Amino acid sequence: MYPTDYKYTQEHEWVALAGQTATIGITDYAQHALGDVVFVELPKPGAKFSAGQVLGTVESVKAVSEIYCPVSLEVTEVNTGLANAPEKINQDPHGAAWMVRGRATNPGELSKLMDAAAYQAFIAEKEKETQT
Amino acid sequence: MGAKMVNFGGWDMPVEYSGIVSEHIAVRTAAGLFDVSHMGEIEIWGMEAIALVQHVTSNDAFRLSDGQIQYSGLMTEEGTFVDDILVHRFSPERYFLCVNAGNQDGDFEYICANNVFAAEVDNCGVRYSQLALQGPRAPQILARLTPVPLDPIRYYHFVRGPVNGVECIIARTGYTGEDGFEIYFAPEHSEKLWSALLDAGAAHGLIPCGLGARNTLRLEASMCLYGHEIDRTTTVWEANLGWICKMDKGLFLGHRALERQKAAGLRRILAGFEMEGRLIARDAYPVFCGDREVGRVTSGSPAPFLKKNIGMAYLPPELSAPGTEIQIEIRGQKAPARVVKTPFYKRVK
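Residues numbered from 1 in each chain as written. Chains lettered and ligands numbered in written order. Predicted model: local features only at pLDDT ≥ 70, side-chain atom pairs only at ≥ 80, totals over all residues.

## Overview of the overall build of chain B
This is how the line gets drawn: Secondary structure elements are taken from DSSP: a helix is a run of H or I of four residues or more, a strand is a run of E of two residues or more, and numbering for both begins at the N terminus. Only the C-alpha atoms count toward the radius of gyration. The rule for a globule is 2.2 Å times the residue count to the power 0.38. Neighbour counting defines burial: a residue surrounded by 20 or more other C-beta atoms within 10 Å of its own C-beta is buried, one with 12 or fewer is exposed, and intermediate counts give partly exposed, using backbone-placed C-beta atoms. This entry defines residue contacts through backbone-placed C-beta atoms, with two residues in contact when those atoms are within 7 Å.
If you tally the helices and strands in chain B, you get seven helices and 19 strands. The C-alpha atoms of chain B give 20 Å as radius of gyration, which agrees with the globular expectation for 349 residues (20 Å, within 12%). Put simply, chain B has 349 residues, and 45% of those count as buried. For chain B, contacts bridging at least 24 residues in sequence account for 67% of all contacts bridging at least 6.

Below you can see the structure in the form of structure tokens.
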């Protein structure tokens, strides 16, 4: 379910690094918590973000959620297809519904993020909280 | 069941089961089942029950016949809402009120405090569970579980009779803009009745629905939600609910204030709007006309059946006419919207 070569944030974004290129999306847990995604707002190529800044917005029928940039990034490519097909975020959050791609300007930041096992433990803990 | 739960006024409530969009569409095209046991119930009876109901509410309960229901406002002396309620007449001396969950105890205290009549008041929410079966196929689904003829039950009327062997109040009311029933019964039967209805409706496309779809359905039908469109600061005139306010019925709480406001004219009125672009208005977002902030969104959401982004807001009367261009501030940008006629959605009867 959660690719082992991705890193994950506590705000439920994932990042995959290939060389210096980072690809970013939101996790399956996030899409499930949001429900039917109906809108996504993403930055334009060329935009620069530091880790933790708001990268964009994703909205479901019931909720608005900000997407935080997991690593410092200079955006080179945006998944523009999501604007007309935001439901892809529900269907394939770790694959086809990637959101932005860019140059990680400080790849060392990735080491602070969770790996798949740690993230799954993190969300299992969250689930327990909501059940009690 | 796979439901996502949320705490709502002390109740653990399902927000959604299969998803708000699919639940919403099921109610518009087939049927949906909602557990709305959180809703409160208050009974008023006795020689002067009618006098008490007339005193605390804005609609004219004197016009009700046995087995009939009216939407009404529980009024403050300012003509604002303590709550919005459904008044059912069992008999000339017995009335059954369905009230909002979060207001139940406040309503009860308020009614008791104003009970200067020979009337008894009982806060009886714990004795009732409620399921709402809503959608065009609701009658044929319910017919499978009850010998009660459903066709003669007109909109806003009720009968008492068995459903799946359980004694119920079967009311032809709802909060979705569709045909359907709200069914009241003793709480110990909840689980069995819930399952029996889902089984009876499975072949008709019935699915369980949560609070999320309940909200988008009522918004598409432009129905008010307490705490959003109406509260203790909004009057019946402002909320566009003049049809539940019968000034000629005699004095009631709020009568004088409402008379004064009617004479003085309104400074704001509830209106519906549609977003012109893709941005979604949400509750509490500021509303602008040019540079002037003119109000706040009371409810805003995507409308899954209409496939538009809609909302309601209090606007100055001169900006409330359909076609008026307004802007909603969304994440610092002013997004264009247009006032439209309400209800946004009206079922074809």
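Having put the structure on the table, let's press on.
## Describing the overall build of chain A
Across its full length, chain A holds four helices and nine strands. Secondary structure elements of chain A occur, N-terminal to C-terminal, as β-β-β-α-β-β-β-β-β-α-α-β-α. A globule of 132 residues ought to have a C-alpha radius of gyration of about 14 Å, and chain A, at 14 Å, matches this closely. Projected onto its principal axes, the C-alpha coordinates of chain A cover approximately 45 × 35 × 20 Å. Scored against the burial criterion, the 132 residues of chain A give a buried share of 39%. Pairs at least 24 residues apart make up 63% of the contacts formed inside chain A by residues separated by at least 6 positions.

## What about the domain arrangement of chain B?
All names here are of chain B. Selection criterion: The domain boundaries here were taken from an automatic or database domain assignment. Any residue outside Ala, Val, Leu, Ile, Met, Phe, Trp, Tyr, Cys, Pro, Asp, Glu, Lys and Arg is labelled polar, Gly included; the first ten of those are nonpolar and the last four are charged.
Structurally, chain B comprises domain 1 (4–37 + 128–220), domain 2 (41–118) and domain 3 (267–340). Every contact between the two is made by eight residues of domain 1 and, on the other side, seven residues of domain 3. For the side of domain 1 that touches domain 3, the secondary-structure elements that each account for two or more residues are α1 (20–29) and α6 (211–220). No other element matches the five residues that α1 contributes to the side of domain 1 that touches domain 3. Taken together, the residues that form the side of domain 1 that touches domain 3 break down as four nonpolar, two polar and two charged.

## Details of the interface of chain A and chain B
In this assembly, nine residues from chain A lie in contact with 13 residues from chain B. Contributing elements (two or more residues each) for the side of chain A that touches chain B: β4 (37–41) and β6 (54–60) of chain A. Within the side of chain A that touches chain B, the residues separate by chemical class into four nonpolar, two polar and three charged.

## Thoughts on the pairing of strand β15 (residues 286–289) of chain B
Residue and element names in this part refer to chain B. In plain terms, the rule: Two strands are said to pair when DSSP picks up at least two bridges between them.
Two elements, β15 and strand β16 (residues 292–303), share four bridges in a ladder whose sense is antiparallel. Across the sheet, the residue bridging to F288 is E293, located in β16. Where β15 hands over to β16, the hairpin turn is made up of two residues, of which G290 adopts a positive phi near 65°. The pairing of β15 with strand β18 (residues 325–330) spans two bridges and is classified as antiparallel.

## Quick notes on the sheet that holds β6 of chain A
All names here are of chain A. To be explicit about the condition: Axes, fitted as lines to C-alpha atoms, cover a helix only where it is in contact. Angles between the N-to-C directions of the axes lie from 0 to 180 degrees.
Spatially, three strands are ordered β4-β6-β7 in an open sheet, and the strand pairing comes out antiparallel. Among the strands making up the open sheet, the edge pair consists of β4 and β7 (64–68). Mean inter-strand twist for the sheet, computed between neighbouring axes without regard to direction, equals 25°. Relative to β7, β6 is paired through five bridges, and the arrangement is antiparallel. Each residue of the ladder has a partner; that of G56, found in β7, is I67.

## Some remarks on the environment of V126 of chain B
Residue and element names in this part refer to chain B. With respect to the helices and strands, the residue V126 is situated in the loop between β8 (120–123) and β9 (129–134). When the 10 C-beta atoms within 10 Å are taken as the criterion, V126 is described as exposed. For the pair V126 and M39, spaced 87 residues apart in sequence, the C-alpha to C-alpha distance is 9.9 Å.

## Digging into the nonpolar core
Under the convention used in this document: Among buried residues, those of type Ala, Val, Leu, Ile, Met, Phe, Trp, Tyr and Cys that are joined through C-beta atoms within 7 Å form a set called a nonpolar core.
Ranked by size, the top nonpolar core spans 123 residues in total, and within it I44, V53, V87, L97, L131, L133 and I183 of chain B carry the most contacts. Other than its neighbours up to four places away in sequence, V53 of chain B contacts I44, A61, V87 and Y95 of chain B.

## Description of the sheet that holds strand β7 (residues 94–99) of chain B
Residue and element names in this part refer to chain B. With antiparallel pairing, the five strands of this open sheet are ordered in space as β5-β6-β7-β4-β8. Of all the strands in the sheet, the pair left with one neighbour each is β5 (69–75) and β8. The sheet shows a mean angle of 25° between the axes of neighbouring strands, taken without regard to direction. Set on the sheet, helix α2 (residues 49–56) makes contact with β4 (40–45), β5, β6 (81–91) and β7; between it and β4 the angle comes to about 130°. Contacting β4, β5, β6, β7 and β8, helix α3 (residues 104–113) runs over the sheet at an angle of about 170° to β8.

## As for unusual backbone geometry
With glycine set apart, most residues show a phi of negative sign, and most peptide bonds adopt trans. All names here are of chain B. P343 follows T342 through a cis peptide bond whose omega is 0°. Of note in the backbone geometry, S222 takes a positive phi value of approximately 55° without being a glycine. Mapping S222 onto the fold places it in the loop between α6 and α7 (255–264). Phi is positive for N240, which is not a glycine, with a value near 60°. Among the secondary structure elements, N240 is positioned in the loop between α6 and α7. With 19 C-beta atoms packed within 10 Å, N240 lands in the partly exposed category.

## Quick look at the environment of A118 of chain B
Residue and element names in this part refer to chain B. Assignment of secondary structure puts A118 in the loop between α3 and β8. As a C-alpha pair, A118 and K349 span 231 residues in sequence and 42 Å in three-dimensional space. The residues contacting A118, other than those within four sequence positions of it, are G46, M47 and E48.

## Here's the deal with the confidence of the model for chain B
Quick reminder of the rule: One confidence number per residue, pLDDT, is output by the predictor and ranges from 0 to 100.
Chain-level statistics for chain B give a pLDDT mean of 96 and a share of 97% at 70 or above. Across the predicted assembly, pTM comes out at 0.95 and ipTM at 0.90.

## A look at α6 of chain B
Helical geometry: 3.6 residues make up each α-helical turn, so side chains three or four residues apart lie on a common side. Across the ten residues of α6 of chain B, nine count as buried, placing the element largely inside the fold. Listing the buried residues of α6 of chain B in full gives L211, G212, A213, R214, N215, T216, L217, L219 and E220 of chain B.

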